Amino acid sequence: MGRFEGHVALVTGGASGIGRATWRRLAAEGATVVVSDVDGRSAAEISAEIAALGARGRFIRQDVRDRAQWQAIMAEIRAGFGRLDVLVNSAGILREGTVEDTDLATWRQVMAVNLDGTFWGCQAAIPLLKESGRGAIVNLSSVSGLKGDLELAAYDASKGAVRLLSKEVALFCARQGYPVRCNSVHPGVVETPMVSTFFTTAKLSDAANWTQPIGRSVRPEEVAGMIAWLASAEASFVTGAEYVIDGGITA
Ligand SMILES: NC(=O)c1ccc[n+]([C@@H]2O[C@H](COP(=O)([O-])OP(=O)(O)OC[C@H]3O[C@@H](n4cnc5c(N)ncnc54)[C@H](O)[C@@H]3O)[C@@H](O)[C@H]2O)c1
């Protein structure tokens, strides 16, 4: 029996990177996976990937910025699967910009996906997670939510806010007596399309700032392992906590 037999998990941003590695890991351990992403081009590919793994689940196109779409996806999950045990908020975007040169449109865009999307997700999922009797939310923050970078004003602010939003959700659920835990994960530099695109286009003034003491990037599968543990019954007393996986950046 896998750790997630009988569980239903929703992973946002599941078309790529950490989200993709996470739902594959949860599925491998028995979960029924609902994979969502704004990137609808991946729908057929992801549905085929779920089937090829011999897993249960489906892809649903979703823009996490849109509260109505969150309500719709929860209704679909209730109708199609009858429960939700795990929510992983992995959808996110990275935009370069200092406090001086970040324009309002960029600021709003980053906040809308990274922060509003996570907030709407937590809010929309709590009723179903509560009903499951063992709900777990894992939110993707970053080392950039723990310390400043030189040129990521909006991203750092959004990820710092995700860190504290996660604690707020955790405390609220605990004090209400809801069986829902919520934690944040803080990766360093992970080998995903987000980062490979960023490092080829960014005009960073301090590349050394990105060096990780363990001299390599984190693999998405390593982050997925941490997320899976946090979502599992093994972490049943862990809530409101921040889990760093950064090869020593913040040590
Ligand atoms: N890669 C890293 O080094 C790193 C480090 C720390 C934290 N993170 C965080 O981990 C999460 C996943 O990042 P990744 O590296 O896998 O990135 P990625 O770009 O590989 O995947 C992100 C996914 O989010 C989706 N997405 C973007 N906007 C969306 C929206 N409005 N609605 C729904 N989906 C949307 C994209 O289509 C993409 O499939 C992000 O929140 C990111 O900030 C990444």
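Structure's up top.
Below is a short write-up of the structure. (Residues numbered from 1 in each chain as written. Predicted model: local features only at pLDDT ≥ 70, side-chain atom pairs only at ≥ 80, totals over all residues.)

### Describing the overall build of the protein
Okay, so step 1: Assigned secondary structure in the protein consists of seven helices and seven strands.
Okay, so step 2: The secondary structure elements of the protein, listed N-terminal to C-terminal, are β-α-β-α-β-α-β-α-β-α-β-α-α-β.
Okay, so step 3: What you see for the protein is a C-alpha radius of gyration of 17 Å, in line with the 18 Å of a compact globule of 251 residues.
Okay, so step 4: Principal axes of the C-alpha set define a box for the protein whose edges measure 50 × 40 × 35 Å.
Okay, so step 5: Each of the 251 residues in the protein was classed as buried or not, and the buried ones make up 46%.
Okay, so step 6: In the protein, of all internal contacts separated by at least 6 residues, the share reaching a separation of at least 24 is 76%. (Helix = DSSP H or I, 4+ residues; strand = E, 2+ residues; numbered from the N terminus. Rg over C-alpha atoms; globule rule 2.2 N^0.38 Å. Buried ≥ 20, exposed ≤ 12 C-beta atoms within 10 Å, placed from the backbone. Contact = placed C-beta atoms within 7 Å.)

### Describing the site of the ligand
Okay, so step 1: The full set close to the ligand counts 28 residues, and Gly13, Gly17, Gly92, Thr192 and Met194 are the nearest of them.
Okay, so step 2: Put simply, the parts of the chain that give the shell around the ligand at least two residues each are helix 1 (17–28) and helix 6 (193–201).
Okay, so step 3: When its residues are assigned to classes, the shell around the ligand shows 14 nonpolar, 10 polar and four charged. (Near = placed C-beta within 6 Å. Nonpolar A, V, L, I, M, F, W, Y, C, P; charged D, E, K, R; others polar.)

### Observations regarding helix 7 (residues 220–231)
Okay, so step 1: A rise of 1.5 Å per residue sets the reference length of helix 7, with its 12 residues, at 16 Å; its end C-alpha atoms lie 16 Å apart and thus fit the reference within 8%.
Okay, so step 2: Along helix 7, the residues that are buried comprise Pro220, Val223, Ala224, Met226, Ile227, Ala228, Leu230 and Ala231. (Expected span 1.5 Å × (residues − 1).)

### As for the pairing of strand 3 (residues 57–61)
Okay, so step 1: Pairing of strand 2 (residues 32–37) with strand 3, which is carried by five bridges, proceeds in the parallel orientation. In the sheet register, Val35 faces strand 3, and the bridge partner there is Phe59. (Pairing = 2+ DSSP bridges.)

### Here's the deal with the packing of helix 4 (residues 104–132) against helix 5 (residues 153–176)
Angle between the axes and distance between the axes are the two parameters that describe a pair of packed helices.
Okay, so step 1: The geometry of helix 4 relative to helix 5 is characterised by a closest axis approach of 9 Å and an angle of 15° between their N-to-C directions. With respect to their mutual orientation, helix 4 and helix 5 come out roughly parallel. In the crossing of helix 4 with helix 5, the sense of the turn from one axis to the other is right-handed. Residues Thr106, Trp107, Val110, Met111, Asn114, Leu115, Thr118, Phe119, Cys122 and Ile126 of helix 4 form the contact with helix 5, whose participating residues are Ala154, Tyr155, Ser158, Lys159, Ala161, Val162, Leu165, Val169 and Cys173. (Axes fitted to C-alpha atoms, helices over the stretch in contact; angles between N-to-C directions. Parallel < 35°, antiparallel > 145°, perpendicular 65-115°, else oblique. Left-handed = near helix turned anticlockwise from the far one by under 90°.)

### Comments concerning the nonpolar core
Okay, so step 1: Counting residues in each nonpolar core, the largest one holds 67 residues, and the members touching the most others are Ala9, Leu26, Val33, Ala125, Ile137, Val223 and Ile227.
Okay, so step 2: Among the elements that make up this core, the one with the highest residue count is helix 4 (11 residues).
Okay, so step 3: Contact partners of Ile227, with chain neighbours within four places excluded, come to Thr22, Val88, Val138 and Val185. (Core = buried A, V, L, I, M, F, W, Y, C linked by C-beta atoms within 7 Å.)

### A few points about the environment of Ala15
Okay, so step 1: Looking at the element boundaries, Ala15 is found in the loop between strand 1 (8–11) and helix 1.
Okay, so step 2: What makes Ala15 buried here is the crowd of 25 C-beta atoms within 10 Å.
Okay, so step 3: Taking the C-alpha atoms as reference points, Ala15 and Arg41, 26 residues apart in sequence, are found 9.3 Å from one another.
Okay, so step 4: Other than its neighbours up to four places away in sequence, Ala15 contacts Arg20, Asp37, Asp39, Ser42 and Ile46.

### What about the sheet that holds strand 4 (residues 86–89)?
Okay, so step 1: Spatially, the seven strands line up as an open sheet ordered 3-2-1-4-5-6-7, and their pairing is parallel. This sheet does not close on itself; its edge strands, each paired only once, are strand 3 and strand 7 (242–245). For this sheet the average axis-to-axis angle between neighbouring strands, irrespective of direction, equals 15°.
Okay, so step 2: Summarising the sheet, strand 6 (residues 180–187) and strand 7 pair through four bridges and their orientation is parallel. Each residue of the ladder has a partner; that of Ser184, found in strand 7, is Glu242.
Okay, so step 3: Helix 5 rests against strand 5 (135–140), strand 6 and strand 7 of the sheet, and its axis sits at about 165° to strand 6.

### Observations regarding helix 1
Okay, so step 1: Its 12 residues place the ends of helix 1 17 Å apart at the C-alpha level, agreeing with the 16 Å of an ideal helix rising 1.5 Å per residue.
Okay, so step 2: Positioned one or two residues after helix 1, Gly30 has a phi angle of 105°, which is positive.

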